[in-house]
Amino acid sequence: MRCRTAGPAALLLTLTACTTGPSLENREEVTAPPGDSKHLTIGSAGFTESDLLAQMYAQLLGQAGYRTSLITVANREIYEPALESGQIDVVPEYAATFADWLNAKTNGPDAPPVGSPDLAATMEALRRLATPRGLTVLDPGRAVDQNAFAVTAAYARQHHLRTLSDLGASKLEVRLAAGDECVQRPYCEPGLKRVYGIDITGVDPKGVGTTQAKRAVQNGQDQMVLTTTTDATLDQFGLVLLADDKHLQNADYVVPVVNRSRAGSERVTKALGKLNGVLTTADLATMNQEVDSWRRLASDVARTYLKDKGLAK
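## Regarding the overall build of the protein
Now for step 1: Per the secondary structure count, the protein includes 13 helices and 10 strands.
Now for step 2: A separation of at least 24 residues holds for 76% of the contacts in the protein among residues at least 6 apart in sequence.
Now for step 3: Roughly 14,700 Å² of accessible area belongs to the protein as shown, and the carbon and sulfur atoms make up 49% of that amount.

Next comes the structure, spelled out in structure tokens:
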């Protein structure tokens, strides 16, 4: 089937039909030489953090001499094949989540997960799965967006809590505000009980990091909420994170993933690698807040950040 040129709207309808990614017959082989297209398309998954990362990637690549365009494709089932086919050239991803997603795509939905709290092992598995698809996973930096657990600052002070281990040792009964899947997910209720010995008396199904869930903890209905490490609104609810000191959560470090045949050059790697020693989890949380709470444009927030860090003029 031949694929006609499509604009962003039509692209969403034709991506899966027009995918021309490499064969998986030789799973460990690189199937295309590194390319260096002059015009690169950066994909965003459509939520604030992904938009910010895509904007920073675009601005760094533009500064390195590339023409860039951005496209939002919220569904990984659509944007990953587009990345393989070269209709999208660069996307920000999360190491453990993307490794498990590719593993399920390659080996079936019942395949044992390959993402883990071990970053090196996770990256090895991710690259092993990505390479035969014509994808190159660049090095992770310091920023990580993981599941995290928060309590009120007053509750933490009262019970001398800084870590999840402290909470387990306290023997306090804890009602947890989270998604309804928490009762089965190994990183949530089962993991909190097994790894930390926390006495979870029940899961209040109010969602992950939702306003409703945070308010339930704020008003004492629940004692702890499942959120993320880059949640920018915790202060508004008087909440603080408890450290995952035994590393229950997977290594969801931010990683750029590129189409090797179009964006596999050292110039791309060098341009995007400038973020590695600079961007932190706290930086992402602050930028998320500027967009979500202060209503600033993601492009402006990204530009200001890069200038403040000496990465842009």
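## Focus: the packing of helix H12 (residues 281–292) against helix H13 (residues 298–308)
Now for step 1: Axis separation between H12 and H13 bottoms out at 9 Å; the angle between their running directions is 140 degrees. For the element pair H12 and H13, the recorded crossing hand is right-handed. Touching Asp-283, Met-287, Glu-290 and Val-291 of H12 are Ala-298, Val-301 and Tyr-305, all from H13.
Now for step 2: Here the residues of the contact of H12 with H13 are counted per class, giving five nonpolar, no polar and two charged.

## A short note on the sheet that holds strand E9 (residues 239–242)
Now for step 1: Taking strand neighbours across the sheet as the criterion, the five strands line up as E7-E6-E8-E5-E9 in an open arrangement whose pairing is mixed. The sheet is open, and its two edges are formed by strand E7 (199–205) and E9, each paired on a single side. Averaged over all neighbouring strand pairs, the angle between strand axes comes to 40 degrees, with direction disregarded.
Now for step 2: Sitting on the sheet, helix H8 (residues 189–196) touches strand E5 (147–152), strand E6 (173–178), E7 and strand E8 (224–228), and the angle it makes with E7 is about 165 degrees.
Now for step 3: This element, helix H9 (residues 211–218), spans E5, E6, E7, E8 and E9 of the sheet and lies at about 145 degrees to E8.

## Here we look at the state of the cysteines
Now for step 1: For the structure shown, the criterion picks out one disulfide.
Now for step 2: A sulfur-sulfur separation of 1.9 Å characterises the disulfide bridge that pairs Cys-182 with Cys-188. Judged by the sign of its S-S torsion, about -85 degrees, the cystine formed by Cys-182 and Cys-188 is left-handed. Each member of the pair, Cys-182 as well as Cys-188, carries the same accessibility label: buried.

## Quick notes on the nonpolar core
Now for step 1: Grouped together as the largest cluster of nonpolar side chains are 32 residues, with contacts concentrated most on Met-56, Leu-61, Val-90, Val-268, Leu-275, Leu-279 and Met-287.
Now for step 2: Looking at this core, the elements with two or more residues in it are strand E1 (39–44), helix H2 (48–63), strand E3 (90–94), strand E10 (254–259), helix H11 (266–273), H12 and H13.
Now for step 3: Here this core gets eight residues from one element, more than from any other, and that element is H2.
Now for step 4: If near-sequence neighbours (up to four positions away) are discounted, Val-268 is found in contact with Asp-36, Leu-40, Leu-61, Tyr-66, Val-258 and Ala-263.

## Notes on the pattern of salt bridges
Now for step 1: Applying the stated criterion across every chain yields a total of 14 salt bridges.
Now for step 2: Here Arg-175 makes a salt bridge to Asp-222, at a shortest N to O gap of 2.8 Å. Of this pair, Arg-175 sits in strand E6 while Asp-222 sits in the loop between H9 and E8, and the two are 47 residues apart along the sequence.
Now for step 3: Exposure remark for Asp-222: the relative accessible area of 1% places this residue in the buried category.
Now for step 4: One salt-bridge network, in which partners are shared between bridges, spans Glu-80, Glu-84, Lys-105 and Arg-133.

## Looking at the environment of Gly-168
Now for step 1: Among the structural elements, Gly-168 can be located in helix H7 (residues 164–170).
Now for step 2: Look at Gly-168 and you get buried, because its relative accessible area is 4%.
Now for step 3: Along the primary structure Gly-168 and Leu-192 are separated by 24 residues, whereas in three dimensions their C-alpha atoms are 8.4 Å apart.
Now for step 4: Apart from residues no more than four positions distant in its own chain, Gly-168 is found in contact with Tyr-196, Gly-197 and Ile-198.

## Some points on H9
Now for step 1: For H9, every residue scored as buried is listed here: Ala-213, Lys-214, Ala-216 and Val-217. End-on, the buried residues of H9 take up no more than an arc of 155 degrees, which puts them together on one face.
Now for step 2: On its buried side, H9 packs onto E5, E6, E7, E8 and E9.
Now for step 3: At the C-terminal side of H9, Gly-220 shows a positive phi close to 90 degrees.

## Topic: the packing of aromatic side chains
Now for step 1: As enumerated under the stated definition, the model contains one aromatic pair in all.
Now for step 2: Between Phe-98 and Trp-101, the ring centres sit 6.4 Å apart and the planes meet at 10 degrees, which makes this aromatic pair stacked. Within this pair, Phe-98 and its partner Trp-101 are both found in helix H4 (residues 95–107), separated by three residues, close to a single helical turn.
Now for step 3: Using a relative accessible area of 0% as the deciding quantity, one classes Phe-98 as buried.

Rules behind the numbers
- Residues numbered from 1 in each chain as written.
- Predicted model: local features only at pLDDT ≥ 70, side-chain atom pairs only at ≥ 80, totals over all residues.
- Heavy atoms only, no water.
- Helix = DSSP H or I, 4+ residues; strand = E, 2+ residues; numbered from the N terminus.
- Contact = heavy atoms within 4.5 Å.
- Areas by Shrake-Rupley, 256 points an atom, 1.4 Å probe, with all protein chains shown as cover.
- Axes fitted to C-alpha atoms, helices over the stretch in contact; angles between N-to-C directions.
- Left-handed = near helix turned anticlockwise from the far one by under 90°.
- Nonpolar A, V, L, I, M, F, W, Y, C, P; charged D, E, K, R; others polar.
- Pairing = 2+ DSSP bridges.
- Disulfide = S-S within 2.5 Å.
- Buried < 20%, exposed > 50% of the residue type's maximum accessible area, 1.4 Å probe, protein only.
- Core = buried A, V, L, I, M, F, W, Y, C linked by side-chain atoms within 4.5 Å.
- Salt bridge = Lys/Arg side-chain N within 4 Å of Asp/Glu carboxyl O.
- Arc of directions from axis to C-beta.
- Phe/Tyr/Trp six-rings, centres within 6.5 Å; stacked < 30°, edge-to-face > 60°.

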